[in-house]
Every structure is written in C-alpha cells, then in structure tokens.
Amino acid sequence: MTPLFLYTAVYLIPTFIMFYMAVDILLRNPKRSQHRLLSLFTFAYGMLFLGEFFRNAAPVSMSPAFVTYWFGNAGLLVFSTSLHFIFRVSNLWKKMPRLLYPGIFYVPMIIVLITYTFQTNVINSQQFERIGAFIYPEFNASYLITMTVGNVFHLLVIGLLFYARTQLRDARRGIINVLLSVALLVLVWDIVFGYNSFYGVMPPYAYMYGGLFWAAALTIAMRRFDYLASYQKRFATLYNLNPSAILLLDRHGRIESANPAAHTLLKEHKLSGQPFADYLPEKKQQGWLQHYEVHFASQRKFNEYETKVLTLEQQERYVVMDADFVFIEQELHGMLLIRDIQSFKEAEQTIRFFAYHDPLTKIPNRRNFYERAGQAILEQDSVTVVVVDLDGFKSINDTYGHQIGDAFLIHLAQLLERTVKPPGFAARVGGDEFFLLLPNQTPDQLHRFAASLLETFQENPFTLAEELIEIRTSIGLSYSPDHGISLDTLIHHADQAMYHIKYNGKNGYRIHDTLDSIQRPSEGGTR
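Here's a quick rundown of the structure.

The rules behind each value
- Residues numbered from 1 in each chain as written.
- Predicted model: local features only at pLDDT ≥ 70, side-chain atom pairs only at ≥ 80, totals over all residues.
- Heavy atoms only, no water.
- 1 Å grid on protein atoms, 1.4 Å probe; cavity = no way out; pocket = protein on both sides within 12 Å on 5 of 7 lines; lining within 4 Å.
- Points joined across faces, edges and corners; volume = space filled by probe spheres on them.
- Nonpolar A, V, L, I, M, F, W, Y, C, P; charged D, E, K, R; others polar.
- Helix = DSSP H or I, 4+ residues; strand = E, 2+ residues; numbered from the N terminus.
- Core = buried A, V, L, I, M, F, W, Y, C linked by side-chain atoms within 4.5 Å.
- Buried < 20%, exposed > 50% of the residue type's maximum accessible area, 1.4 Å probe, protein only.
- Contact = heavy atoms within 4.5 Å.

### What about empty space enclosed by the protein?
Over the atoms a probe the size of a water molecule is rolled, and this reveals where empty space is left. Within this structure, the stated rule accounts for two cavities of 30 Å³ or more. When its volume is computed, the largest cavity comes out at roughly 90 Å³. Together, 15 residues line the largest cavity, and Tyr143, Phe193, Tyr199, Tyr205 and Ala206 are the ones closest to its centre. Residue composition of the lining of the largest cavity, grouped by class: 13 nonpolar, two polar and no charged. Here the second largest cavity defines a volume of roughly 30 Å³. Surrounding the second largest cavity, Met18, Phe41, Thr42, Tyr45, Gly211, Trp214, Ala215 and Leu218 form its lining. Where the lining of the second largest cavity is concerned, the elements lending two or more residues are α2 (33-57) and α7 (210-224). The element best represented in the lining of the second largest cavity is α7, accounting for four residues. Looking at the lining of the second largest cavity residue by residue, the class counts come to six nonpolar, two polar and no charged.

Listed below in structure tokens is the structure:
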C-alpha cells in the first residue's frame, strides 16, 4: 500500500465525512445557533484529520509547524465549540451570567493568539520521528500534560451531560443520553490511545479518531430523534425540487396537491381537485382504482407499480409509482411518488429491437433467425432455409463507396421483406449474406419462389441518380426433413447449394442434392 493511499484512507476519508456532516448540519437550519456550533465543531474535527494528512505527507522537519499552527489550534476550537454546544443544547447557558456567556467558552482560544504572536507552541510536543509511513510525536512530558488537560476537560463535559440529563424531561433527554454514551466511549478511547504508545501500529494521535464516534452519535441523534431537523424547509425543498412527480391524494384518489414536477409530467396547470384516474389511459383506470383502494384501506405502502399516464395532450407515458399513507390534519392521505420512465422504456425497446435486428437494414439478425427458425423446425412439418449471397458486392463498395453500399443493402432487404410472406421472414446474417425461412413448401413451390425472387431482383435494380446498379445473387435452398432435421444441417446444405452457383456462373439458384430437371441453365449459371 503506497503512503499516499494509506494517508487517504486514514485521514482524507474521515476528513470528508466530517466536512460533509458540517455542511449537512449547517444547511438544515443556518439561523439556529445549535446548528452553527455543531457545524463548526465538526468542521474543526475535520481540520484535525486534514492537518494530519498534510503533516505526514510533508518532511519530518515541517511537523512542528503543522502542529503549532494547525493541529493544536484546531483541537482548541474543537474543545471550545463542544463545550459551548453542550451548554446550549442542555439549556445550561440560561443559568450563566450574561457577562460570561458565550465568551467564557472561547478563553482557550487565547492560546491561539499567543501561538501566532510569539511564534511558539505551548501545548504540544515539538519532537517528531518517522516510523514506517507515519511521523510520530515524541512521547514526552509535554505530550502527556496536554493529553491530561484534555481529558480533565473531557470529564467536565461528561459531568455537564450528566447534569443536563437530570434537568431534561422531553425528547432532548434521549439526545443527551446518546451524547453521554459516546462521551464516555471517547474518554476510554482517549485514555487507551492517548496514554499508550502504539507507534508503528496505529496512526499518530490515534485518540482523535474518537471524533468518528461523535459523528456516528450525531447521525443516530438526527435519525432517531429528528435532531437538528428543519421539517418545513426540508419537506418544502424535497417537494418542490424533486424531479419526480409527487401527488397528495384523498381516500377516493382525488388530487389535493401536486408538486411542480407533477404539473410538468401531466402537462396540466390545474391538478387540485381532479381524480388522478382521469390522467390514466381508460384501460388502466379500473386496475389502478382497485389497487389504490385496497392499499388505502390497509394503509399498506406499495412500490414499483408500473402503468401509464395520459397527458393533457393525450400522450401516453410509462411511469412507476411508489406510495405511502400518512395522516395530515387527522385525515389519511396517499402520498404518491411518480417516476417518468418513458425514456428508459424507449431505450429498453430500442435495445431489445437491436438485440434481434440488424442495425442497418432493420430486418431480423442472425440471433433472431436462429431462434425463430429453430422453433419453426419443431412446430412445422417442413421448413426451407434459403441462403442469399450477393455477387460482386465488393466492387459496388469499391466503386461507389460504403455509403452507397449500405443503401444498396437496405434496398435489397426491402425487396426480400416484400417477397417473403409471413410466417416466413428474411434476416441479414452477415455483410452481404441473407437467410430466408419458408415454412411448408413443396419442391415445385420452391422453384417458383426462387425464380420469382431472381426476377424481382432483375426488375428492381438499385437506382443511383440516373444509374441503375444490377442486383445479382447466388441462392441456395435446402428443406427439412429431406435435407436434414437440424437447423445447422439445413444451413450447411443451403450454403453448399449457394456455393455451387457461386462457382458455376453466379446469379442463379440451386436446391441442395436434387436431380430435378426443372433446374435449368441461365445466363450466369445454374438456377
């Protein structure tokens, strides 16, 4: 593991966690002092980790400066803001003389002024050595005194939390319990990792990882007790800015309110008071109403209900709906979240289409042919495989370019589709090779079909401006069960018949392994 990767894992990740929480806490309600204090406390803890990242990445000689001007001062800010926050959240600040509040909490910051004024560090060890990937402070008296002072103040914080716990009887007591539990855990952590040398095993100042316990405690408090929440602002932001449509429905499925995304989806300015079922295609309305009424009666939420909505312009769009049921002003309502998946469905249909169709000619591809032909062999008494291979296609590409060559292939595919009647079909399986499938054909019918196909090609050359490009093909046919009962065998025999034509004059057809005298010579070979 490289040092930079190690520093990122042990320092930058905690830094980002702390910074994220600091921003999250502040944005919940920037006007409340509790939010600002806790945000500053969390930010200062993040600065501890960030400072250690740069200190360990820098030469050993720079460590005293990092500790003097960064690490030590950030630690003082952590202590001051944490103490101020505890007094604030427990309402102990109300019992303090106005002259002392809140300045008393920031007396330790005088040390910061002394540090910058006299360019000296009075609270941290100044001797360091590199052991492995990390730079450790000297385990001396200065270091131990600093640790002891910090833990004494930590005990003071625990005492204040115990006192606050006895004074509170509301939901804040649960929050204090969480903070108190974590404060005790962090104290034990500080003692274990602060007073014992784990050089070479743990990163320097390992006790500061107790800050992650505080981050976890805050997360628990915010989720379990909705601490630091700003309900109205959070809901309004989520409701108005959510890209998904949100509808509030009464017990009959009538819309009571809709967010801007719902108006955009349904292309309707006035939704309130309208039955939501009116915005579904008629064939979907009854199923939706039954589904909604059953879940409303049981107050059981549902997820991933896929249906279509009908816009004001009578356009149908695929959507997926999730719903839960909540009491608002003592009335049960359905909260409906609608996600527009029209683009996803269109992309899904496009992917599914091109999985089974040739992207140039849009007719079935090799995979499509093999699956459908294999099924036809099982279901039909007889199937015929026709291999159509263009003669001289390379010269067309060389003479006119690949763009004209592509247009030529599209023209040929259209002729094949027009000629092969369902349930038969044509497929492009290679650059200039096509397979056809014809069910239940007699030999006479196959001769007529092949002759007709060649005639169709002859009568419909590809037109390029005023020039006509002739369509010449070699065609081979085989049919089951006479020429084989597996698809691979039929294709192989049709291919052999096609190559017989290819090597004997081209532009004709041949049925595999037949002595039928109807096969007659033509201009380019054997038909």
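### Quick notes on the nonpolar core
Judged by nonpolar contacts, the single largest core of 60 residues is most densely connected at Tyr11, Tyr45, Leu161, Tyr205, Met208 and Trp214. Those elements giving two or more residues to this core turn out to be α1 (3-28), α2, α3 (63-89), β2 (134-137), α5 (141-167), α6 (172-194) and α7. By residue number, the principal contributor to this core is α3, which donates ten residues. Each residue touching Tyr45, except ones within four places of it in the same chain, is listed here: Met18, Val78, Met208, Gly210, Gly211 and Trp214.

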